[in-house]
Amino acid sequence: MTFKNFHFDLDDNGVATVLIKLVALGKDWMVARRFGAGDELDAFLIAFMIPSYAVAALGHSFAQAFIPTYLRVYEQESPAAAGRLVGGVLVGGLILLVLVSLLLVAVAPFLLPVIGSGFDESKLRIAQSLLHVLAGVLVVSGISAILAAVLNAHERFAVAAIAPLAIPVSMVVAFALFQDRYG
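1. Some details on the overall build of the chain
In step 1: In terms of helices and strands, the chain carries six helices and zero strands.
In step 2: Burial analysis of the chain (183 residues in total) assigns 34% to the buried set.
In step 3: Across the chain, the fraction of contacts at a sequence separation of at least 24, relative to all contacts at a separation of at least 6, is 78%.

2. Quick look at the packing of aromatic side chains
In step 1: A complete count under the given rule lists two aromatic pairs for this structure.
In step 2: Taking the centre distance of 5.8 Å and the plane angle of 40° together, the rings of F66 and Y70 count as tilted. Of this pair, F66 and Y70 both sit in helix α2 (residues 39-76), four residues apart, which is roughly one turn of that helix. Side by side, F66 and Y70 carry an identical accessibility label, which is buried.
In step 3: Grouped by ring-pair contacts, the aromatic residues F66, Y70 and Y74 constitute a single cluster.

3. Quick notes on the packing of α2 against helix α4 (residues 121-153)
In step 1: Between α2 and α4, the least distance of the axes is 7 Å, while the angle of their chain directions is 20°. On the basis of the axis angle, α2 is roughly parallel to α4. When the axes of α2 and α4 are compared, the crossing they make is right-handed.
In step 2: The residue inventory of the contact of α2 with α4, partitioned by class, reads 26 nonpolar, four polar and four charged.

4. Remarks on the pattern of salt bridges
In step 1: The full count for this structure, using the stated rule, is one salt bridge.
In step 2: Where D42 meets K123, a salt bridge forms, and the shortest distance between an N and an O atom there is 2.9 Å. Separated by 81 residues along the polypeptide, D42 in helix α2 and K123 in helix α4 bring together distant segments of the chain.
In step 3: Judged by relative accessible area, D42 falls into the partly exposed class, the value being 31%.

5. Overview of the side chain of S101
In step 1: Mapped onto the elements of the fold, S101 is located in helix α3 (residues 79-115).
In step 2: With residues near it in sequence (within four places) discarded, S101 still touches A135, L138 and V139.

6. A look at the environment of E40
In step 1: Along the chain, E40 falls in helix α2.
In step 2: For E40, a relative accessible area of 37% translates into the label partly exposed.
In step 3: Between the alpha carbons of E40 and S122 there is a distance of 9.8 Å; along the sequence they are 82 residues apart.

7. A few points about the packing of α3 against α4
In step 1: The N-to-C vectors of α3 and α4 enclose an angle of 160°; their axes lie 9 Å apart at closest approach. For the element pair α3 / α4, the angle class is roughly antiparallel. Relative to α4, the crossing made by α3 is right-handed.
In step 2: Within the contact of α3 with α4, the residues separate by chemical class into 23 nonpolar, five polar and no charged.

8. Observations concerning α4
In step 1: Here α4 spans 47 Å end to end across 33 residues, near enough to the 48 Å set by a 1.5 Å rise per residue.
In step 2: H132 marks where α4 bends most, by close to 40°.
In step 3: Its side-chain oxygen 3.2 Å from the backbone nitrogen of S122, D120 forms the N-cap of α4.

9. Quick notes on α2
In step 1: Between its first and last C-alpha atoms α2 spans 55 Å; for 38 residues at 1.5 Å apiece the expected length is 56 Å, and the two agree.
In step 2: At V55, α2 shows its largest kink, close to 30°.

Conventions and cut-offs
Residues numbered from 1 in each chain as written. Predicted model: local features only at pLDDT ≥ 70, side-chain atom pairs only at ≥ 80, totals over all residues. Heavy atoms only, no water. Helix = DSSP H or I, 4+ residues; strand = E, 2+ residues; numbered from the N terminus. Buried < 20%, exposed > 50% of the residue type's maximum accessible area, 1.4 Å probe, protein only. Contact = heavy atoms within 4.5 Å. Phe/Tyr/Trp six-rings, centres within 6.5 Å; stacked < 30°, edge-to-face > 60°. Axes fitted to C-alpha atoms, helices over the stretch in contact; angles between N-to-C directions. Parallel < 35°, antiparallel > 145°, perpendicular 65-115°, else oblique. Left-handed = near helix turned anticlockwise from the far one by under 90°. Nonpolar A, V, L, I, M, F, W, Y, C, P; charged D, E, K, R; others polar. Salt bridge = Lys/Arg side-chain N within 4 Å of Asp/Glu carboxyl O. Expected span 1.5 Å × (residues − 1). Bend = angle between axes of the 7 residues up to and from the residue. Polar contact = N/O pair within 3.5 Å; in protein donor to acceptor, adjacent residues only side chain to side chain.

Structure below.
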């Protein structure tokens, strides 16, 4: 088996996906190392699952539905009109994502006991406080999904594929900077 013709292309979505998965693995390792197996890790996973699901349901599905409209405006009207459309969608998306994040925080006292049905009061309080912090993931990931859709529409696949690094990298940085101070 020879690798003479092997070509490593940084624009390849597969490379970006592997890079993202490696960084996410590092984030998961830091979380597991910090919390260990126990109540804190259970609470973190439940708290993170809620905004993650909302991102998948809202941000990514909307972004994919947005691409055909964006391309039509870009090609039939003008790049400036498409830019205005993106601006409007970003403002509207930001407002919607912030409202959904606030709604998730508001319903957390009712939602978490259902999702974490085996949790005691202490673990539910931990999950709720973590959800308050992690609700911002929804906003950042949703905006990222919209911007990635625009990049994909212009065949900038590698940049769009690398954008999801923001969440695990920011979590790694937060752990590194704040874990000793805030626990």
